[in-house]
Amino acid sequence: MRDYLLRRLVSVIPVLFLVSLMSFAVIWIIPGDPTAAFLDASSTPEDVARLREMLGLDKPPLVQMAEWYGRVLTGDLGQSILLRIPVLSAILERLPLTLLLATLALILAVGLGVAAGTFAATRRGTWADQSVMSLALLGLSVPDFWLGLLLIVVFSVQLGWLPSGGYVPLLDDPLGWAKSMVLPTITLAVVQVGFIARMTRSAMLDVISQDFMRTADSKGLSGLYIILRHGLPNAMMPILTVTGIIAGALLGSAVVVEQVFALPGVGRLIIGGILSRDYPIIQGGLLFLTVIYLLINLVVDLLYATIDPRVRLE
Amino acid sequence: MSMLKVENLTTVVGSGASAPSVLEDVSFTLDAGEVLCVVGESGSGKSMLALTIMGLLGFPVRRAGGRIILDGDDITAGGTSAWRQRRGRDLSMIFQEPMTSLNPIMRVGEQIGEVLRLRKGMSADEARRRAVELLERVEIPAAASRLAAFPHELSGGMRQRVMIAVALAAEPKLLIADEPTTALDVTIQAQILDLLRDIQAESGMALMLITHDLGVVAEMAHKVMVLYAGRVAEMADVKTVFDAPAHPYTQALLASIPSLDSGGDRLVTIPGSVPGVGLMPKGCRFAPRCPHVKEACRPAPPPLAILEASQSVACLRPFGYVRREETPTHG
């Protein structure tokens, strides 16, 4: 198990290297002169030169890259042009909200999705199976920004039960905090519930038809126990894989959902950065989200090995 | 009174009255301490019989009629939950494929232990002690340390021993073994069969052993049931089956055992194959392949008739044209 852990950790390094390279390259990939967005008719050539120097664009690309790596390794992601604060502190300030939102949505999506998929698989071919799967497909097909707006119209505007947006810090007002998180979490989770439910159903159907499930049945164990103790753990591998992918997708969707619900998270920071061409923010935000994504997938791989002893041998 | 009495068991595929049968009108009895071998070609319904008795049929296969009486109680009467209560307590089963019959991500000790804890009400400690005893009983070396093993860490023969330990955990009255050695290599086969026989003799449980290996039948059986296309062709004690097989199908099965004397001759086979589900002839199901078939065989299936005290046969012309002294004998 320790060897496996070590191998997995080492394999992350080249990916991190590439990812940070791509974050660096953002400044070249996005069309247009990076300095153009900040300058107007009154700008003098000296202003342009000063901005280029601040962004490090006056140096040869290789030097820029080396400096980028040097700074990233020491935890310095540069200075936001617009906010005039270090990128790292801008991100760290907003990260908890984004992570909280993504985590809540992930818990909701996995919990509901696995339950629905398992339920459907054990009732294969019945109307219950078909209804659950139709709902899952519906959830999968709904665009998150549209669902968010719909939920706001129904629950905020018409019923007035929940706020339409904005964030209330947990410590200031726990109830207000909970209320402010409900709609964004649901919006974020619905698509993924459908995804996980369908995946779980097919994984469970696969497991249910296997010999060891019949063995468990031949022991006279209860149906629920067999499904939970023998079935689900064996179906967990594909479900976990999907969960890892979803965790990444959630971080991406959070960008949209934070915008819809006016939540001050990393997503909104990045959107603001993109709209105003605040390159250091875009680079730093991108790097941060990919690193989190990598970490999540590392955790998923470690969970594989915990669940299935055969994985450790590979 | 017999410990197990199966009466007119019929199992079909699909719903409705016209659903084709995979098992039709199967009746037999089995006493405690007896070994019944069920033989027949692939597709004859051997495994279906095992699964029907266990109550493990999966949709769309279902029992359409008949009773299964265990110790005087009809286990088909109480519905699925009552049947479930019988499994892992009165009824146990060992499957053909040891490689896939165990849960791949659960430790062996737990796979035995869950029966003891959940079905016999033992504490975790008791269950662990008992699991070690069971592993020792099925002759697994270093039993105590094997509790923590996962199935993939064991060989095929070892896994089948674990399966036997699982099946024995509840001390069943009836153990059904569905071709338990087919997937194993020959030397291991003999060990597993010896083990099964020892355990059966020692515990006094009834053993229903499904096999297509007539050598195994000769070694293990007290009674033999020959199934053909879902119907009982012949039922007799082991000696009678080998010495005086009455049904042409039994005769053909015995004739197809290769012997050393036959030298380079072609192997004897039964021409044709078992009719598919839903394609059964109306009369005797063996009629299309039977060398002794007469018109009388075709309109309706012959009933299982008692020939002698120890032999019943479902044939209008038992022994056919083959006189007893010409019957192929075994060994």
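In this text, all values refer to a predicted model and were calculated from it rather than measured experimentally. (Residues numbered from 1 in each chain as written. Chains lettered and ligands numbered in written order. Predicted model: local features only at pLDDT ≥ 70, side-chain atom pairs only at ≥ 80, totals over all residues.)

**Observations concerning the sheet that holds strand 5 (residues 73-74) of chain B**
All names here are of chain B.
Piece 1. Spatial ordering of the open sheet is given by 2-1-4-5, a layout of four strands whose pairing is antiparallel. Looking at the sheet topology across the chains shown, the edges are occupied by strand 2 (21-30) and strand 5.
Piece 2. Running at roughly 70° to strand 2, helix 1 (residues 46-54) makes contact with strand 1 (4-13), strand 2 and strand 4 (61-70) of the sheet. (Pairing = 2+ DSSP bridges. Helix = DSSP H or I, 4+ residues; strand = E, 2+ residues; numbered from the N terminus. Contact = placed C-beta atoms within 7 Å. Axes fitted to C-alpha atoms, helices over the stretch in contact; angles between N-to-C directions.)

**A short note on the interface of chain A and chain B**
Piece 1. The interface is formed by 17 residues belonging to chain A together with 24 residues belonging to chain B.
Piece 2. Put simply, the parts of the chain that give the side of chain A that touches chain B at least two residues each are helix 8 (211-218) and helix 9 (223-260) of chain A.
Piece 3. In terms of residue count, the dominant contributor to the side of chain A that touches chain B is helix 8 of chain A (six residues).
Piece 4. A per-class count over the side of chain A that touches chain B returns five nonpolar, six polar and six charged. (Nonpolar A, V, L, I, M, F, W, Y, C, P; charged D, E, K, R; others polar.)

**Here's the deal with the environment of Val142 of chain A**
All names here are of chain A.
Piece 1. Looking at the element boundaries, Val142 is found in the loop between helix 5 (127-141) and helix 6 (144-158).
Piece 2. On a C-alpha basis, the gap between Val142 and Gln192 in space is 11 Å, while along the polypeptide they are 50 residues apart.
Piece 3. Leaving out residues up to four positions away in the same chain, Val142 has contacts with Leu147, Val190 and Val191.

**Notes on the sheet that holds strand 9 (residues 223-228) of chain B**
All names here are of chain B.
Piece 1. Pairing in this open sheet of eight strands is mixed, and the strands run 6-7-8-3-9-10-12-11 from one edge to the other. Strand pairing shows two members of the sheet lacking a second neighbour, strand 6 (91-94) and strand 11 (305-308), which therefore form its edges. Each strand axis lies, on average, 20° off the axis of its neighbour in the sheet, ignoring direction.
Piece 2. Both strand 7 (residues 174-178) and strand 8 (residues 206-210) contribute to a ladder of five bridges, which runs parallel.

**Section: the confidence of the model for chain A**
Piece 1. The pLDDT averaged across chain A works out to 84; a share of 96% of its residues lies at or above 70.
Piece 2. Across chain A, the secondary-structure element scoring lowest on mean pLDDT is helix 2 (residues 45-55) of chain A, at 76, and the one scoring highest is helix 8 of chain A, at 92. (pLDDT = per-residue confidence, 0-100.)

**Describing the packing of helix 7 (residues 174-208) of chain A against helix 9 of chain A**
All names here are of chain A.
Piece 1. At a closest axis distance of 9 Å, the pairing of helix 7 and helix 9 adopts a crossing angle of 160°. It follows that helix 7 is roughly antiparallel to helix 9 by the angle criterion. For helix 7 against helix 9, the interelement crossing comes out right-handed. Contact residues: Pro184, Thr187, Leu188, Gln192, Phe195, Ile196, Met199, Thr200, Ala203, Met204, Val207 and Ile208 in helix 7; Gly231, Asn234, Ala235, Pro238, Ile239, Val242, Ile246, Ala249, Leu250, Ser253, Ala254 and Val257 in helix 9.
Piece 2. When grouped by side-chain class, the residues that make up the contact of helix 7 with helix 9 number 18 nonpolar, six polar and no charged. (Parallel < 35°, antiparallel > 145°, perpendicular 65-115°, else oblique. Left-handed = near helix turned anticlockwise from the far one by under 90°.)

**Looking at unusual backbone geometry**
Piece 1. Phi angles above zero are rare outside glycine, and Ala262 of chain A is one such case at about 50°.
Piece 2. Within the element layout of this structure, Ala262 of chain A appears in the loop between helix 9 and helix 10 (266-275).
Piece 3. Using a count of 14 C-beta atoms within 10 Å as the deciding quantity, one classes Ala262 of chain A as partly exposed.
Piece 4. Located in the positive-phi region is Asp25 of chain B, a residue other than glycine, with phi close to 55°.
Piece 5. Position of Asp25 of chain B among the secondary structure elements: in strand 2. (Buried ≥ 20, exposed ≤ 12 C-beta atoms within 10 Å, placed from the backbone.)

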